Each structure stands twice: as C-alpha cells, then as structure tokens.
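Summary of structural features
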Amino acid sequence: MVEEARRLAVVERPVPEPGRGEVRVRVRYAGICGSDVHILHGRNPFVVYPRVIGREIVGLVESVGRDVPPQRVGERVAVDPEIACGSCYPCSIGRPNVCHRLQVLGVHPRRRLKRPPLRSRRQRSPGPPGIPDAAAATIEPREPLPEAQRRLGVDGGPTLVIDAVCHPAILEEALRVAAPAGRIGMLGFSSEPSAIPQQETTRKELSLFASRLNAGTFPQVIEWMKSGRLQPERIVSHRVPLAEVGRAFELTENDPRSSSKVLLDFGPQA
Ligand SMILES: [Zn+2]
C-alpha cells in the first residue's frame, strides 16, 4: 500500500467477500509498472491516498460471489484491471479502456482486489510456475536505435514504432526513424509537451495513435502466449518477495538496464 506519496508499506487488511458476479483472487505475482512508480511518488492525478496499488496480477480464484459457478474456485486467472460502465459512448464502440467512468484497480478509489470474472484464463491443471502467467510488458532497446536497425537489417526505418519509454523527447526520435507511411504508437502519460515537427510528419505521411490500457484484448494476448508468439519470460528480469517491495521499486526505477519487468512474489499458493 502507498499510505501517502513516497511512503510504501506492507500492511494487513480485512479480506473482502466477493459480491454478486464477483470473485476473490489470491495473488501469486504482481508486476510493477511505471504507473505504480508514479503513484508512489505522487505523480498520478487520479489517485487518492492511501492506495492499494498493483494492477498486473495473476493468481487463483479462492472465493466466488452469487451467480458465479463454484467450479471456478481454484481457477488460475490473469486479472484485467479495467472496470468500465458498459453504456457510455466509448464502451458502446468497444473501447471500454477509455470509458467515461473508467475505474482501474490499483489506481482509483473504492475498489479492492475483487472484480467480476469477465475475462480470465481457464487452466485447471497447474502450469509452469509464475512466468507464463506474468503480465506482458514492453521493453526499451539496450542499444541505440540506428545500431539496432543495422543489426536487424531494418531497411528504411521501422514501419511501426511503439514508444514504450514515454519520455517526451522520444516522440521526436520516433518521427525521425520511422519509415515513410509508418505508424507511431504512444503510451505515455507525461504532461510535458513533445515537439512534433509537421514537416517530417507530413513528408512521410506518418500516422500517430495513442493507446491506453487494453480494449478487451486479454484473450488475444493469452492465445499469443500459448502459441509462443509472445514470450513474456524474456522480459521478466526479477522476482522479488513481497516483503522486499521497496527493493523491487528501486530496481524498477533506478536500475532500468538490468530490470525490465519486476514481479512481486506473494509466495506459493495452497
Ligand atoms: Zn463506459
């Protein structure tokens, strides 16, 4: 829990009972992402403290509420942290990730680790421990982009650039390196403006698009993991016990060269 900005603590809290259509999940691993770091440092405008953080979660269903089949107890699930209203304009066109009344686990108030089992991974037999269920994340290059392009034989620039670093200066570089007719995806939440030269953008007829959270893509990502198209184990660099949560945040924030995705380990499950 972040008790207030820059004060992180491991605390005991009452165990919530799942309500109608909800399940309670015993957490196995929780990934730390940039949003958690922003919340810790008081840089997320949506957060009211104290806040139980964490939204990249995998675990076991240990209790179900009314209208949920009891057979779901014991099911391993990856938790989609978005809770959307289902009736506003973005929801009506299949984009609940930008719902007018969006609540995100670990960010917004009044929600605990309890949510409807809308999108989950059904896996009755125990799978490989931890890593295959880890939340996917993106990773920045270890080497300068032009060198990486040469090494990979990318001629004329990449046709798709995803800015997962999210520093305002990165967008300028993305415009510079992208191939003509290329696409540039933005994920950042910085309030600092980025310089976007119109000349370069128009000359190459680039397309810029923004992406937030996910729009019901958990099943697709799970399929990609199962088929080997996505290999999350390649980006999970550390598994840190919950009791050492401070060290986990330090790794994420201060040691980006060795840490790509740090998982908090909540211990074996019964
Ligand atoms: Zn909505």
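Now for a quick tour of the structure. (Residues numbered from 1 in each chain as written. Predicted model: local features only at pLDDT ≥ 70, side-chain atom pairs only at ≥ 80, totals over all residues.)

**Regarding helix α7 (residues 245-254)**
Just so we agree on the cut-off: Put plainly, a residue is buried at 20 or more neighbouring C-beta atoms within 10 Å of its own, exposed at 12 or fewer, and partly exposed in between, counting only other residues' C-beta atoms, which are placed from the backbone. Comment: elements are numbered from the N terminus, with helices defined as DSSP H or I runs of at least four residues and strands as E runs of at least two. In this description, one arc is meant: the one made by directions from the helix axis to the C-beta atoms.
For α7, the complete set of buried residues consists of Val245, Ala248, Phe249 and Thr252. End-on, the buried residues of α7 take up no more than an arc of 95 degrees, which puts them together on one face.

**Digging into the environment of Asp36**
The condition is simple: Once C-beta atoms are placed from the backbone, any two residues with those atoms within 7 Å are in contact.
Note on placement: Asp36 falls in helix α1 (residues 34-40). Taking the number of C-beta atoms within 10 Å as the measure of exposure, Asp36 has 28 and is therefore buried. A C-alpha to C-alpha distance of 8.4 Å links Asp36 and Val107, two positions 71 residues apart in sequence. Setting aside its immediate chain neighbours within four residues, Asp36 contacts Ile53 and Gly54.

**Focus: the pairing of strand β4 (residues 56-64)**
Put simply, the rule is: Think of it this way: DSSP has to see at least two bridges between two strands before they count as a pair.
In terms of strand pairing, strand β3 (residues 23-32) meets β4 through eight bridges, oriented antiparallel. The residue of β4 that forms the bridge with Val25 is Val61. The sheet contact formed by β4 and strand β5 (residues 76-79) spans four bridges and is antiparallel. If you follow Gly59 over to β5, its bridge partner there is Val77.

**Digging into helix α6 (residues 218-227)**
Counting buried residues in α6 gives one out of ten residues, a small share hidden from the surface. Gly228 sits one or two residues past α6 and shows a positive phi near 85 degrees.

**Some words on the sheet that holds strand β10 (residues 183-186)**
We apply this condition: Under this scheme, a helix contributes an axis fitted over its contacting stretch, all axes are lines through C-alpha atoms, and angles between N-to-C directions fall in the 0 to 180 degree range.
Across the sheet, three strands lie side by side as β9-β10-β11; this open sheet has parallel pairing. Each edge of the open sheet is held by one strand with a lone partner, namely β9 (160-163) and β11 (207-210). Taken pair by pair, the neighbouring strands of this sheet meet at an average axis angle of 20 degrees, ignoring direction. Here β9 runs beside β10; their pairing, made up of four bridges, is parallel.

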